Amino acid sequence: VRLKLILRTVAVSESFAQSGFTMLTMRQLSKLVRETGPVFRFGSKGKWGMGVAGASRMSITTDVQALESPPSFPPIFQTVAKMPKTAVLSDTSSTPETVGKDGAKTARYVMEPPAFPRTMPYGYGVSRHHISPMELDVTFDPAVHLQIEAPDGVVSDDFVDIPFPMPEGVKHGFNFAFSKPFRLLSDEGVRALQSVIDANKQFAKSSERIPRCLRGLGYRSKFVRDLNFDPQTIDLLSAMAGKPVAPHGMHMNMSHTNLGRPVKKGEPPAIVDQWHVDSVDYVCVIIMSDLSQSVGGDLQVLCKKDVRDNLDFLSKGVTPDLEHLVRTIQYPGKGHAIFIRGSHVLHRITPVLEALEPRVSVVNSYMSRNVFDADSTRYRTFVEQDPEHVSKVEFSRHTAWRVQGMMQYITQEVEWGTPKEELASLMRKAAADLEKAAALVNQEQDDILTWIKEEGVDEQMLK
């Protein structure tokens, strides 16, 4: 048993003790002691225990008022993948660990995802008022709006096809690249999400890479928030990734929507999204259009490792000698999705050569809940896409959530006798993450992520 729980008792006032008994969960007890401060004292009949400051007597079974809510970020332990070298444990460590491919023991700590902000940010740069919730939002009902049909396979980062669900012998040391297409939304789910998109098209914008997109839907639509946080969907994505995942902590990414245009035969092709790697760990891309009568608009991935931040490779692009490494994936229909570790897999959407209706896709972003996993978030990408007063706070909160998990790992899980080198490594990892985030937010550093520009984009951006 990894977790060793110590039963603590709480001293409360005489009036509470006379009115009945209410048992505390360990989570509630931990929060109560943290907020009030522990005091060791003798109680009735000379027995001792840990009480709450200001309480009058000790009782093994205590009567207290139930706490209104649990801590914001309770730790949860699950088996996850190998940690970065900064968290490598020594042979004498007694902290939670897993063993990687190379046999190195590494720490792990899985956190609950950060809660959605309680207040809305100011508008998309066009108003000084708060973003108002949609007047006619749809109520998300997973029984109505989801039609989850798991994929029959996933692809590893060595670009090997693996059946899904994965056989037990494959899970150890598995690193995810992308999934086969799978059904996620029902027909009613597609209609409901499309209604949210249609109601917010006035907020669409263009970027150098994407001709037209819509961001920030999570702040306007509860339907979008509930869809992104749906536990059934997250369980499926976590099973494919081989580790617990959660919606990304920068919530402007919720249901990022790429908006295309109809293309008649003989017209210039419509660029949707160009060769790139993502600025978040994972994305789940849902197709909202009927592509059966379209030519183009397919997902392509380059089956080549180590392309992220490889400036020499990205400056040359996907040359003809690499075409045999390009894999084209077609969506079977509306409501289908593909899950991809876009931060490590170079991918694009092929230009739409012919389409009776606009190609619309919704991109939900996810991250690892293991706070020691490498973070693929790139601040520069979101500063360019989103209002700065939103992106800088979102990025700071995202970093704080990760570092909070690292500190909780030290305060709650590191045991007596942990080697000094391990403790120093854990604290330096947290400090380094904070220093880097501070430098990015204060514009002292730049983490720009290079992508491959395709021909014909500038002409489209002018239309």
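Calculation notes
Residues numbered from 1 in each chain as written. Predicted model: local features only at pLDDT ≥ 70, side-chain atom pairs only at ≥ 80, totals over all residues. Heavy atoms only, no water. Phe/Tyr/Trp six-rings, centres within 6.5 Å; stacked < 30°, edge-to-face > 60°. Helix = DSSP H or I, 4+ residues; strand = E, 2+ residues; numbered from the N terminus. Buried < 20%, exposed > 50% of the residue type's maximum accessible area, 1.4 Å probe, protein only. Core = buried A, V, L, I, M, F, W, Y, C linked by side-chain atoms within 4.5 Å. Expected span 1.5 Å × (residues − 1). Contact = heavy atoms within 4.5 Å. Pairing = 2+ DSSP bridges. Axes fitted to C-alpha atoms, helices over the stretch in contact; angles between N-to-C directions.

**Comments concerning the packing of aromatic side chains**
Tallied over the full model, the rule gives nine aromatic pairs. Where Phe372 meets Tyr409, the ring centres are 5.2 Å apart and the plane angle is 80°; that geometry is what we call edge-to-face. Placement of Phe372 in the loop between strand E21 (360-368) and helix H9 (379-385) and of Tyr409 in helix H10 (residues 388-412) is noted, with a sequence separation of 37 residues between them. Comparing Phe372 with Tyr409 shows no difference in burial state: the two are buried. Consider the rings of Tyr379 and Phe395, whose centres lie 4.8 Å apart with planes at 35°: the pair is tilted.

**Digging into the nonpolar core**
If you look at the biggest cluster of nonpolar residues, it comprises 42 residues, and the most contacted ones within it are Phe182, Leu193, Ile197, Met240, Cys284, Met288 and Phe339. Listing elements by their share of this core, those giving two or more residues are strand E11 (182-185), helix H5 (187-198), helix H6 (222-228), helix H7 (231-241), strand E16 (282-287), strand E19 (336-340) and E21. Ranked by size, the runner-up nonpolar core spans 30 residues in total, among them Phe159, Val263, Val272 and Phe382.

**Concerning helix H11 (residues 420-441)**
Along its 22 residues, H11 runs 32 Å from first to last C-alpha, staying within 8% of the 32 Å computed at 1.5 Å per residue. Looking at H11, one finds that the buried residues are Glu422, Ser425, Leu426, Lys429, Ala430, Asp433, Ala437, Ala439 and Leu440. Elements in contact with the buried residues of H11: H9 and H10. Residue Gln443 follows H11 closely and has a positive phi angle near 60°.

**Notes on the sheet that holds strand E15 (residues 273-276)**
Pairing in this open sheet of four strands is antiparallel, and the strands run E15-E20-E17-E18 from one edge to the other. Of all the strands in the sheet, the pair left with one neighbour each is E15 and strand E18 (326-329). Between one strand axis and the next, the sheet turns through 20° on average, direction left out of account.

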